[in-house]
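Coordinate inspection notes
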Amino acid sequence: MEKKGTLFVISAPSGAGKTTLIGQVLKQFPQLSYSISHTTRKPRQGEIHGRDYFFIDEQEFQTRIARDQWIEWAQVHGNFYGTDKAFVSEKLDEGENLLLDIDVQGAKQIMNSDLRLVSVFILPPSIEVLEQRLESRGTDSPDVIVHRMENAQWEMDQQRVYDHVIVNDGLEKAVADLCLIFETKMRCL
Ligand code: 5GP
């Protein structure tokens, strides 16, 4: 049976400013709910279980893989991330639209499903700006930043599989661009 709601999938390399962007856009779309992911990554300072992520251990994550409880999952920068299948299915059945902030591997899994989806890739203004943002954020060690930069290059090469690409070279403009996409799509649904 076809689901009533739509998935809005957003991907970006870390440091592209996606979290801030999503926060701004969600404020303007009460009819859009955020899907909180599960991860085996340790919480960063200020992150709250059940708000930013559901923080679970690797054993729990693997058990849920074995039970087919993820609608998509991926290993990113050495940690596991996944979206709960039952939660998404229930929300879409109820006619809710869901925003998923997930990596390229996960987005491709959703693209290969029969769910109705709108996908957006957020680009940083340049690879140099991305590196500077990761360094000034101060949340990752130098070796993690190297890993994230390698992954970012690969992810940026995948932008072609997305419906829309936005360059985040100014928050206000990027928020407006993203809102326009969402507004147009929701009007058409
Ligand atoms: P961070 O650790 O910086 O919060 O996120 C790292 C990456 O994992 C980001 O690209 C983010 O979009 C991605 N991510 C977060 N949640 C999920 C998820 O549920 N599934 C997948 N595939 N990626 C996720």
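Above this text sits the structure in question.
Within each chain, residue numbers correspond to sequence positions counted from 1 in written order. Reporting of local features is limited, given that this is a predicted model, to residues whose pLDDT is at least 70; pairs of side-chain atoms are given and counted only at 80 or more, and all residues count toward the totals for whole chains, interfaces and linings. By convention in this description, side-chain values take in all heavy atoms of the structure and omit both hydrogens and water.

Looking at the packing of helix α1 (residues 18-28) against helix α7 (residues 171-188)
With their axes 10 Å apart at the nearest point, α1 and α7 run at an angle of 50° to one another. Considered as vectors, α1 and α7 are oriented oblique to each other. Relative to α7, α1 is oriented so that their crossing is right-handed. Judged by residue contacts, Thr 20, Leu 21, Gln 24, Val 25 and Gln 28 of α1 engage Leu 171, Ala 174, Val 175, Leu 178, Cys 179 and Phe 182 from α7. Under the grouping applied here, Gly and all other residues not named as nonpolar or charged are polar, the nonpolar ones being Ala, Val, Leu, Ile, Met, Phe, Trp, Tyr, Cys and Pro and the charged ones Asp, Glu, Lys and Arg. In terms of residue class, the contact of α1 with α7 is built from eight nonpolar, three polar and no charged. Whenever a helix is involved, its axis is fitted only over the stretch in contact; in every case the axis is a line through C-alpha atoms, and angles between N-to-C directions fall within 0 to 180 degrees. Starting at the N terminus, helices and strands are each numbered in turn, a helix being any DSSP run of H or I of at least four residues and a strand any DSSP run of E of at least two. Roughly parallel means an angle under 35 degrees; roughly antiparallel means over 145; roughly perpendicular covers 65 to 115; every other angle is labelled oblique. Left-handed describes a crossing in which the near helix is turned anticlockwise from the far one by less than a right angle; the clockwise case is right-handed. Only heavy atoms matter for contacts: two residues are in contact if any of them lie within 4.5 Å across the pair.

A word on the side chain of Glu 72
Positionally, Glu 72 belongs in strand β5 (residues 70-76). Throughout this description, a polar contact denotes any pair of N or O atoms lying within 3.5 Å of each other; where both atoms belong to protein, one of them has to be capable of donating a hydrogen while the other can accept it, and for residues adjacent in sequence the pair is counted only when both atoms sit in side chains. Here the side chain of Glu 72 touches Thr 83 through a polar contact of 2.5 Å, side chain to side chain.

Here we look at the nonpolar core
What is meant by a nonpolar core is a set of buried Ala, Val, Leu, Ile, Met, Phe, Trp, Tyr and Cys residues, joined one to another through side-chain atoms within 4.5 Å. Exposure categories follow from relative accessible area, calculated using a 1.4 Å probe and restricted to protein chains: below 20% of the type maximum is buried, above 50% is exposed, and the middle band is partly exposed. The biggest cluster of nonpolar side chains holds 26 residues, and the ones touching the most others in it are Ile 10, Val 120, Ile 122, Leu 178 and Phe 182. The set of elements that each furnish at least two residues to this core consists of β1 (7-11), α1, β8 (117-123), α5 (127-137), α6 (142-157) and α7. Apart from residues lying up to four places away in sequence, Phe 182 is in contact with Phe 8, Ile 10, Val 25, Phe 29, Leu 32, Leu 99 and Val 120. One finds Leu 92, Leu 100, Ile 102 and Ala 107 within the second-largest nonpolar core, a separate group that totals 15 residues.

Quick word on the site of the ligand
By nearness alone, 17 residues border the ligand, and Lys 18, Ser 37, Arg 41, Tyr 53 and Tyr 81 come closest of all. Within the side chain of Arg 41, one N or O atom sits 2.7 Å away from an oxygen atom of the ligand. Computed with the Shrake-Rupley method and a 1.4 Å probe, the accessible areas treat only the protein chains shown as cover for residues. Taken by itself the ligand offers 510 Å² of open surface, and the protein chains cover 94% of this. Of all the secondary structure elements, the ones that give two or more residues to the shell around the ligand are β5 and β6 (79-84). Taken together, the residues of the shell around the ligand sort by class into six nonpolar, four polar and seven charged. A single heavy atom is enough: if one lies within 4 Å of a molecule or strand, its residue is considered near that molecule or strand.

Regarding the pattern of salt bridges
What makes a salt bridge here is a side-chain nitrogen of Lys or Arg within 4 Å of a carboxyl oxygen of Asp or Glu, nothing more. Taken as a whole and judged by the stated rule, the model has eleven salt bridges. For the salt bridge of Arg 51 with Asp 52, the shortest nitrogen-to-oxygen distance reads 3.0 Å. When its relative accessible area of 23% is taken as the criterion, Asp 52 is described as partly exposed. One salt bridge connects Lys 173 with Asp 177, and the closest N-O pair in it is separated by 3.0 Å. Of the two residues, Lys 173 and Asp 177 are both situated in helix α7; the distance of four residues between them amounts to about one turn of the helix. One salt-bridge network, held together by shared partners, links Arg 41, Arg 44 and Glu 47.

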